[in-house]
Structure formats: structure tokens, C-alpha cells
2 protein chains.
Amino acid sequence: MKIGILGASGVVGRQMLECLEERKIIPEELRLFGYSSVGQKISFNNKEYIVEKPDFTGLDVVFGAVGATEAKSYIEDIRKAGALFIDNSSAFRYEDDVPLVIPEINGEDVYKHHGIIANPNCSTIIALMAIKAINELSPIKSMIASTYQAVSGAGIKGFKELDLETREYARDEEIINHGGFEHQIVFNVLAKIGNYTDDEYTKEEMKMELEGRKIMHLPELNVTCTCVRVPVLRSHSISISLNTKDHLELAAVKEALKHSEGVRYLELPDYPMPLETSGQDIVHVGRVRKDRVFENGIALFCCGDQVRKGAASNAVQILEYYLKHQK
Amino acid sequence: MKIGILGASGVVGRQMLECLEERKIIPEELRLFGYSSVGQKISFNNKEYIVEKPDFTGLDVVFGAVGATEAKSYIEDIRKAGALFIDNSSAFRYEDDVPLVIPEINGEDVYKHHGIIANPNCSTIIALMAIKAINELSPIKSMIASTYQAVSGAGIKGFKELDLETREYARDEEIINHGGFEHQIVFNVLAKIGNYTDDEYTKEEMKMELEGRKIMHLPELNVTCTCVRVPVLRSHSISISLNTKDHLELAAVKEALKHSEGVRYLELPDYPMPLETSGQDIVHVGRVRKDRVFENGIALFCCGDQVRKGAASNAVQILEYYLKHQK
């Protein structure tokens, strides 16, 4: 198989390479694409590769690890080359003929593709992985979520910003904004990720509902989400209250979570922490209890590495699922 | 008036002194009490005071800035001295004959006291200040809240822990746990504040419902709260979704918030940040929008300084209200 990675030098692109290697998906041919990083050397499977200008000729699969605008600008070239595009951006997620896939939840949707398979938003993947076992017991009707999102969700510049500001504080210097975020991030939280929509949610917040409906095949799911950036280097955390169609016993919910693929259920007194979920693919779920507001409510707290399961690993798993189950 | 402060050398005790001075409540006699800090010098209104062992004889008012166990151990002595005890701890908050007061919401309750007036929990004060104008438009039936609580909520040791860990990171050293929290706090979030109750909430989480019911005189209020410590030095933030009895127009809610005492309403694109609310008494409220789950739902995000309005200032305001409105 011949694989290309668009945006190979970014946080997600590099993580995709690591995930391919870990999962022993060693392509017959690998090509790394970028713009400002053209000429950079990146190693994969003990071999050095040089980042080139995008040219998809002859490729079977292209992973997209760039923004929505860039993904859109290259889609025609990828189509012409006849390659399958597994795209991490939000560019095509809501198009009817583009499957939006978390393999553990709706893996079979991959076969509905017409050249593009979209990888969901990082917080959506982590939240949905946490609740999928509950949704299998009884469909989720509604959900209220507040996120605690790490700076790595904003790419390398987000990581650098927190690092630089932290070092300034420790040197007892004035904390300067280096352009990573709208406002200081060290010792602060920013309740705005992405642009505002007309109804005053942010685009990031609406993804949880729009993508959740499509992935879980729940067209009537309602989600209120508040997305907040916190001074954490890596791994997103999410506080969730959800309401299911039927009444569920708390013990049954916990039992289902214990056996949920890709999930680690933490019993009290333990609870999920972003520090513990970083650098691996499992989503940690804990603080599972009866919600005090919803009729059939469950409250929980979850954490997952948004660069890995929230982005790169999920994209690589999509390919893996596609190859393994190919009809 | 003769005032004593129990726990005067702690974060809240020192802030009480600052608030008394700012609000020009200069007592005829001031006595500062502590245990391990006995002998320490603390200045107030250009005069130096020495922390003594507790002895409440002759005092009119004692402010409590100690934990629940300590508050309980001194209550008999305070009663014997005939002083009014304005207690910041959770020791007496749920007792029927102890008013639990946020002056802007239920100031009149102070007159129901029998020697003790309790100051609510910090997150409760900030959340209730944010929603009180909405509750005046239509009673709040239920609420789902996730907190982003600063380390100063854990006192000086919480502040020191984050400071030390931050400096270790910046020196590229191993980050050590100095005992301030159960786990590392820098670049991490801890979804557990206080001990667990039998139904797997934490005591801190249950305060929002139990205290909210008492302060707002809403005995049927249901609250699901998830309390999370974040690496912020000062000021708590809270993401809230609430359901009111009647349908409210979003414009009417915003208008009410604009005129709400002790509140600053932030219009988009601005949003509340803990960094901006630190060192002052006003609670910032923003990101106000229609909740997508509740029938009559409003979602919002708020921040407030939990050492000030969340503790010391509110206690001093209780005294101020008591004196000003004395019958």
C-alpha cells in the first residue's frame, strides 16, 4: 500500500507516523507532504523521509493532518489521484456521503465512503468513546458537557505558548502573550475555542452535537457543550451529564464500562486525570454516578489523549478497520 | 464594635482583614487568633497586631476562617462570650437555626440567627451570584455545573504546591508532590475535591445543591455538580446549564444580568476569565446562551475570586448588612 501524509510535520502528522509504526502498518511507499516544512527530515521505521510539496500521484491512501481550508484546497488533486482521503479536519465531516467514523462505534460506516472518510473532532471522540457502552444499553437522548481541553489541541504553537509563559512565571518575569492564544493561558482558563456561531455557541461546542448525531446514528440527540481551554499540556478531560431513553441501573452502567473496548473504567477513589492518559490510546472514564437532574441520568468524567485517540490513532484505526474488514 | 478573627493568618483570615479595611469597618478593638501562628505579626489599618491563642471574652463579633472541626471546637467559647459568630466553614451551614447568607440574595435571613451566621461555600457563592438575576425572573428548577477551581481554594499550601511544581518544570527538574494535593496539579486537572459521599459525589459537589436550596429558598432544587481543581492560582470558574420554571427570552436574561448587583455581564466576543476576576469582588458572567437540552434552559460561564467574594468579602458583607439594616 502507498500512503501519503498531508501535514506530516505537525503535531497530528507526526503522531500518525508514530501510530502507523506502532500498529505495524508499514507502507510499501510513504510520502510526506507539507508547505512551510518542505525539505524537513522526518524518520519512520528507521528510515529518513524528506517533506515534499503535495503530489498524490500513485497513492492509495492520503491522511489529512491539516486545517479545513487546506484539506478543501487539495481534495480535487487527491480525488484525481484516486486515493482514499482519511481527513482529520472539519472540512467534510457534515457531508452526507462522507462517513464520520470512530471504529469502535460505527466502523461499518467506512464502506459508505466516496473517496473521503472523516475523522471526528478530538473532544467528540473522547466523549463518545466514554459514553458508547451506555448508549448501547439505552440510546442517549441528551447530554450536557463541559470540556477541559489541553493546549496541544491548538497544535505546536499552543504547546509552546504554555511552555514559554510557564518559564516566564518561574523566572519572575512579566508573562507575555506570544500569540498562541487570545489571552494568557498559564494559570488561566479560556471559555472560547473556535469562532462563535449565530446562536452564540462556538463551532467547537456544536461539533459534539452535530458529530455525535452522525456517529451514533442518533439524529435527535441534543447536546449543550461548553469548550474550555485549560493549562494542561496534553489530554482533554470532559465532565458529562447524560440522559438515556430508559432507566439504567448504575451497577449495569459500570459493568458495561468495564468491558467497553478502548476504555478503562476507574473505580473510586481513583478518577481520570489528563496526566495519566497522555501518550496512549485508552480513554479513562470515572466518577460515574447517578445524575441528580435528568430522569434517566448518568454523570461521569473522562480523559483521553487528543493527539492520539482524539486524532492520529483514530485516523490510523480507520484505515486498519477498512483493511481488516474489507469486503 | 469589638471584632475577633479566628484563623487570622490563613488565606481567608488575611483577606478578611483587607476587606474590613477596604470597607472602612475599623473596629474599636481587634483581636487575631490562631494556633500554630501564635506570635505572628499582622498589620491592619497601619497598626501591628500579634496573633494570640483564642480567647473571645468581651468580643461582639468573631469571624471564623478555620476548618469545620476547629470551628466546632470553639463554638461553645464563642457562645459563652456572647459574640456573634460569622463562620466561613461548613460546620453549621445545614443547621436549621443557622442562616446561610449571600447578602445580595437572602440578606434578610441574617436576622434569623441564634448566634451563628454561616458563610456559604466558595463555588456556591460564585455560581449563585451568577444566576440570582435569572432566579428572580423565574425560579430555577435544576442545574448542572462543572467547576474549574483554583488552587487557592486549598489555602496557602495549594498555592505553594502549584508554584513549586511550576518552578520545577521550568528548571527541567522532576516534578515532585509536596503534599498540597493528592496528585500533581501543574498541567493536570483533579476531578475530586473533598471526600466522597455514599452516592459517589464529593462533599464539595453536594454543597451546590444543599446550600443552593437554603440560600435561594428553593427546597426542590436539583443540582448535579462536578468539582474539578485546575492549575489556576486564584478565582474559580463554573460552567452552568440551568432549567427555569418558565420560559425566558434570552434578551431578558441578558438584560437582567446587566443590572444584577455584584455582577459584571460580558458580551461576546468577551468571556469571563479567572485571571480578570482575581483581586476584586465582582462575579463575571458571560457566554450566556440558550441551553440545547433543557426545556427552559440557559447556559453560561462565570468566574469569581473565591478568596474574596467566595469567602472573606461575603463574610464581611454579612456583617455590613447586619449593621446597616439592624432593626
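Higher on the page you've got the structure.
Caption draft 1: Looking closely at the overall build of chain A. On a plain count of helices and strands, chain A comes out with 9 helices and 13 strands. Out of the 327 residues belonging to chain A, those deemed buried represent 63%. If you take every contact in chain A between residues at least 6 apart in sequence, the share linking residues at least 24 apart comes to 66%. A total of about 12500 Å² of accessible surface is found on chain A, and carbon and sulfur atoms cover 47% of it. In chain A, 38 positive and 48 negative side-chain charges are present, and the distance between their average locations comes to 2 Å.

Caption draft 2: Layout of the relation of the copies chain B and chain A. Between chain B and chain A, which share one sequence, the superposing operator has a rotation angle of 180° and an axial displacement of 0.0 Å; the RMSD is 0.0 Å. On the angle and the small slide along the axis, the relation comes out as a two-fold axis. Comparing interface residues between copies, 100% of those in chain B also sit at the interface in chain A, which points to an isologous, same-surface contact.

Caption draft 3: Main features of the pairing of strand β13 (residues 297-304) of chain A. Residue and element names in this part refer to chain A. Among the 8 residues of β13, 8 are classified as buried, and the element is accordingly described as predominantly covered. Burial of the side chains of β13 extends over both faces: G297, A299, F301 and C303 are buried on one face and I298, L300, C302 and G304 on the other. Pairing analysis gives 8 bridges linking strand β10 (residues 236-244) to β13, with the strands arranged antiparallel. Along β13, the bridge assignment pairs I238 with C302. Direction of pairing for strand β12 (residues 283-290) relative to β13: antiparallel, over a ladder of 5 bridges. The residue bridging G286 from the neighbouring strand is F301, located in β13. Count of turn residues in the β12/β13 antiparallel hairpin: 6 residues.

Caption draft 4: Seen up close, helix α6 (residues 203-216) of chain A. With 14 residues, α6 of chain A extends 20 Å from end C-alpha to end C-alpha; this agrees with the ideal 20 Å at 1.5 Å per step. Extensive coverage of α6 of chain A is indicated by the burial of 10 of its 14 residues. Along α6 of chain A, the positions that sit buried rather than exposed are E204, E205, M206, K207, M208, E209, E211, G212, I215 and M216 of chain A. Taken together, the buried residues of α6 of chain A touch α3 (103-106), α4 (122-137), β8 (140-148), β9 (222-226) and β10 of chain A together with β12 (283-290) of chain B. At the exit of α6 of chain A stands H217 of chain A, carrying a positive phi of roughly 55°.

Caption draft 5: Expanded view of the sheet that holds strand β11 (residues 263-265) of chain A. All names here are of chain A. Reading across the sheet, the 6 strands line up as β9-β8-β10-β13-β12-β11 and stay open at both edges, with mixed pairing between neighbours. Here the strands that pair on one side only, and so sit at the sheet edges, are β9 and β11. Going across the sheet, the axis of each strand differs from the next one's by a mean of 25°, ignoring polarity. Along the sheet, α4 contacts β8, β10, β11, β12 and β13; its crossing angle with β10, the most-contacted strand, is approximately 40°.

Caption draft 6: Looking closely at the interface of chain B and chain A. With 62 residues of chain B in contact, the opposing surface of chain A contributes 62 residues. There are 12 salt bridges connecting chain B and chain A. Note that D172 of chain A and R167 of chain B form a salt bridge whose closest N and O atoms lie 3.0 Å from each other. For the pair chain B and chain A, the number of links is 42 residue pairs in polar contact (both at pLDDT 80 or more). When its residues are assigned to classes, the side of chain B that touches chain A shows 32 nonpolar, 14 polar and 16 charged.

Caption draft 7: Quick look at the packing of aromatic side chains. Considering all chains together, one arrives at 18 aromatic pairs over all chains under this definition. Between the aromatic rings of F44 of chain A and Y49 of chain A, the centroid separation amounts to 6.3 Å while the plane-to-plane angle is 65°, which identifies the pairing as edge-to-face. A residue is classified by how much of its surface remains accessible, and F44 of chain A, at 1% relative accessible area, is buried. By the ring-pair criterion, three or more aromatic residues cluster together here, those being F33, Y35, F56 and Y74 of chain A. Lying over the aromatic face of Y201 of chain B, R292 of chain A brings its terminal NZ or CZ to 5.8 Å of the ring centre.

Caption draft 8: Fine view of the pattern of salt bridges. Residues and elements named next belong to chain A. Counted under the stated rule, the structure contains 46 salt bridges over all chains. The partner of E204 in a salt bridge is K207, with the nearest N and O atoms 3.3 Å apart. Taken together, the residues E204 and K207, both in helix α6 and 3 residues apart, mark about one turn of the helix. Given the relative accessible area of 15%, K207 is considered buried. A single network of salt bridges, built from pairs that share partners, joins E22, R23, D281, R308 and E320.

Caption draft 9: Region of interest: the sheet that holds strand β6 (residues 84-87) of chain B. Residues and elements named next belong to chain B. Strands sit in the order β2-β1-β5-β6-β7 across an open sheet of 5 strands; the sheet is parallel. Of all strands in the sheet, those with a lone pairing partner are β2 (29-33) and β7 (116-118), marking the two edges. Ignoring strand direction, the axes of neighbouring strands in this sheet form an average angle of 15°. Bridge count for β6 against β7 is 3 bridges, and the pairing is parallel. Along β7, the bridge assignment pairs F85 with I116. Seen against the sheet, helix α1 (residues 11-22) touches β1 (2-6), β2 and β5 (61-64) and runs at an angle of roughly 155° to β1. In this fold helix α2 (residues 68-81) packs onto β1, β5, β6 and β7, with an angle of close to 160° to the strand it touches most, β6.

What counts, and at which threshold
- Residues numbered from 1 in each chain as written.
- Chains lettered and ligands numbered in written order.
- Predicted model: local features only at pLDDT ≥ 70, side-chain atom pairs only at ≥ 80, totals over all residues.
- Heavy atoms only, no water.
- Helix = DSSP H or I, 4+ residues; strand = E, 2+ residues; numbered from the N terminus.
- Buried < 20%, exposed > 50% of the residue type's maximum accessible area, 1.4 Å probe, protein only.
- Contact = heavy atoms within 4.5 Å.
- Areas by Shrake-Rupley, 256 points an atom, 1.4 Å probe, with all protein chains shown as cover.
- Lys, Arg positive; Asp, Glu negative; His and termini not counted.
- Charge placed at Lys NZ, Arg CZ, Asp CG, Glu CD.
- Least-squares fit on C-alpha atoms with pLDDT ≥ 70 in both.
- Pairing = 2+ DSSP bridges.
- Expected span 1.5 Å × (residues − 1).
- Axes fitted to C-alpha atoms, helices over the stretch in contact; angles between N-to-C directions.
- Salt bridge = Lys/Arg side-chain N within 4 Å of Asp/Glu carboxyl O.
- Polar contact = N/O pair within 3.5 Å; in protein donor to acceptor, adjacent residues only side chain to side chain.
- Nonpolar A, V, L, I, M, F, W, Y, C, P; charged D, E, K, R; others polar.
- Phe/Tyr/Trp six-rings, centres within 6.5 Å; stacked < 30°, edge-to-face > 60°.
- Lys NZ or Arg CZ within 6 Å of the ring centre and 35° of its normal.

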